[in-house]
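If you want the building blocks of each chain, they are given just below.
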Amino acid sequence: MNETALTVHQTARPHGFPTAEHFAFVESTLPDPAGGSALVENLYWSVDPYHREMMDDVPGGFALDVPLEGRTIGRVIASRTPRLAEGEIVFHRQGWRTHAVVTPDEIRRLPRFDGVPLTAYLSILGGTGLTAYVGLTRIARLQEGEDLFVSAAAGGVGTATGRFARLLGAGRLVGSAGSAAKADHLMREVGYDAVFDYHDGPAADLLGKAAPDGIDVFVDNVGGEQLAAAVGALREFGRIVRIGTISQYNTPGAPPPRFDYADIVEKSIRMEGFLVSNYRAMQEELYEFAVPHLQSGRLALDETVVDGFECIVDAFLGMLRGQNTGKIIVRDRTQAP
């Protein structure tokens, strides 16, 4: 057993895009679990867009010079409680570190389904997939045949939204992405009908070409210009599902989107945001929906896997700059095939 542990701390508040200089790797002796707890060796780490928002000086944000948090899967290697057996694989939120001391109330045991890899519990079966599923079924209340527009469609939530929407019987599926290669992947592999590169011109023009007859639902991971474009393209009784505002995380001085607010009234548009943490009770419903499709092959995993905990900061920064396709996951080198 390795006798040292590594944690990642945030050392300063960024202004605009963060850099590696805003983080520090801190080495310490391996923590010793007290009675009633267990030591977990982490194996898989999730880096997520919401981490960028928490880097700012905001309520509930990350404190400086302490280990960061995040979704993680690990193996119990030393236990001081009968409620956690050594060798168990558990999910918890003490990520951005190689080892963590957890109590039974701080972990979730993962059901094991034939043919489903552990990484799925951080992507399509984890918070990423749950966000997409809740957005479509509870917030948008998607009906069969309805047309969707999804911003940041090549990210973790965007790919999951596209795949779930197809399984739920959506009509035309339109997305935005940051490159022609991502657009091609989304149409070839994920099931999107049309995808535009948002760098290619005004979002309203690009969306108008991709969805000339309008849309019923907009799943918004970006905000800004694309939100304004979607308001104009929505049909009567359209819905906007607000998930994130990636376009503003690293440009805090950017002006808010400008659109015709009369459209909200005249087209009876509903806009609703949500936090997936308020829908954790739907986890079993997600399993019931997604797992059979994973096992049959109708549902595939969209993941970018980075090997080595020492690469977690680079993986996070790369995700912020759109270098991933699908959910980005950091994997301990011992778990590489």
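In this text the structure is predicted, and so the values were computed from the model without any measurement.

A. Quick peek at the domain arrangement of the chain. Domain parsing of the chain yields domain 1 (4-123 + 302-335) and domain 2 (127-277). Here the C-alpha centre of domain 2 lies 29 Å away from the C-alpha centre of domain 1. In this complex, domain 1 contributes 19 residues to the contact, which on the side of domain 2 involves 14 residues. Taken over both partners, the interface formed by domain 1 and domain 2 buries close to 1300 Å², and the fraction arising from carbon and sulfur atoms is 47%. The salt bridge involving Asp302 is made with Arg163; its shortest N-O contact spans 2.5 Å. On inspection of domain 1 and its partner domain 2, the count reaches six residue pairs in polar contact (both at pLDDT 80 or more).

B. Spotlight on the sheet that holds strand β10 (residues 194-197). Strand order in the open sheet formed by six strands is β10-β9-β8-β11-β12-β13, with parallel pairing between adjacent strands. Among the strands making up the open sheet, the edge pair consists of β10 and β13 (270-273). Across the sheet, the axes of successive neighbouring strands diverge by a mean angle of 15°, strand direction being ignored. Examined bridge by bridge, strand β8 (residues 148-150) and strand β9 (residues 173-177) share three bridges and lie parallel to one another. Residue pairing across strands places Phe149 opposite Val174, the latter belonging to β9. The sheet contacts of helix α5 (residues 203-210) involve β8, β9 and β10, and relative to β10 the element is tilted by about 160°.

C. Structural detail: empty space enclosed by the protein. If you walk through the whole model with that rule in mind, you get one cavity of 30 Å³ or more. Here the largest cavity defines a volume of roughly 50 Å³. Every residue lining the largest cavity is listed: Ser123, Ile124, Thr128, Gly156, Thr159, Ala160, Leu301, Asp302 and Lys327. Of the residues contributing to the lining of the largest cavity, the split by class is three nonpolar, four polar and two charged. Of the domains in this structure, domain 1 (4-123 + 302-335) and domain 2 (127-277) are the two that each give at least three residues to the lining of the largest cavity.

D. Summary view of the environment of Ile328. Residue position: Ile328 is located in strand β15 (residues 327-331). Judged by its relative accessible area of 6%, Ile328 falls in the buried class. For the pair Ile328 and Asp302, spaced 26 residues apart in sequence, the C-alpha separation works out to 8.8 Å. If sequence neighbours within four positions are ignored, Ile328 has contacts with Ser46, Val47, Thr304, Val306, Ala315 and Met319.

E. Quick peek at helix α10 (residues 312-320). With eight of its nine residues buried, α10 lies for the most part within the structure. The inward-facing, buried residues of α10 contact β1 (4-10), β2 (23-29), β3 (38-46), α1 (50-54), β14 (303-307) and β15. Of the residues flanking the end of α10, it is Gly322, one or two places downstream, whose phi is positive at about 75°.

F. Fine view of the packing of helix α3 (residues 156-167) against helix α4 (residues 180-190). Their axes nearest at 11 Å, the elements α3 and α4 cross at an angle of 30°. Judged by the inter-axis angle, α3 sits roughly parallel to α4. Here the hand of the crossing between α3 and α4 comes out right-handed. Contacts between α3 and α4 pair Thr159, Gly162, Arg163 and Arg166 from the former with Leu186, Glu189 and Val190 from the latter. Class assignment for the residues of the contact of α3 with α4 results in two nonpolar, two polar and three charged.

G. Structural view of the side chain of Arg163. Looking at the secondary structure, you find Arg163 in helix α3. For Arg163, a relative accessible area of 9% gives the class buried. Discounting residues that sit within four places of it in the chain, Arg163 has contacts with Glu189, Val190, Leu299, Ala300 and Asp302.

H. Seen up close, the pattern of salt bridges. Within the structure shown, the criterion is met by 19 salt bridges. Where Asp105 meets Arg83, a salt bridge forms, and the shortest distance between an N and an O atom there is 3.1 Å. With Asp105 in the loop between β6 (99-102) and β7 (108-109) and Arg83 in the loop between β4 (72-79) and β5 (89-92), this residue pair connects regions lying 22 residues apart in the sequence. Using a relative accessible area of 65% as the deciding quantity, one classes Asp105 as exposed. By sharing partners, the salt bridges in this structure join Asp48, Arg71 and Lys327 into a single network.

What counts as what
- Residues numbered from 1 in each chain as written.
- Predicted model: local features only at pLDDT ≥ 70, side-chain atom pairs only at ≥ 80, totals over all residues.
- Heavy atoms only, no water.
- Domains from an automatic or database assignment.
- Contact = heavy atoms within 4.5 Å.
- Buried area = accessible area lost by both parts, 1.4 Å probe.
- Salt bridge = Lys/Arg side-chain N within 4 Å of Asp/Glu carboxyl O.
- Polar contact = N/O pair within 3.5 Å; in protein donor to acceptor, adjacent residues only side chain to side chain.
- Pairing = 2+ DSSP bridges.
- Helix = DSSP H or I, 4+ residues; strand = E, 2+ residues; numbered from the N terminus.
- Axes fitted to C-alpha atoms, helices over the stretch in contact; angles between N-to-C directions.
- 1 Å grid on protein atoms, 1.4 Å probe; cavity = no way out; pocket = protein on both sides within 12 Å on 5 of 7 lines; lining within 4 Å.
- Points joined across faces, edges and corners; volume = space filled by probe spheres on them.
- Nonpolar A, V, L, I, M, F, W, Y, C, P; charged D, E, K, R; others polar.
- Buried < 20%, exposed > 50% of the residue type's maximum accessible area, 1.4 Å probe, protein only.
- Parallel < 35°, antiparallel > 145°, perpendicular 65-115°, else oblique.
- Left-handed = near helix turned anticlockwise from the far one by under 90°.

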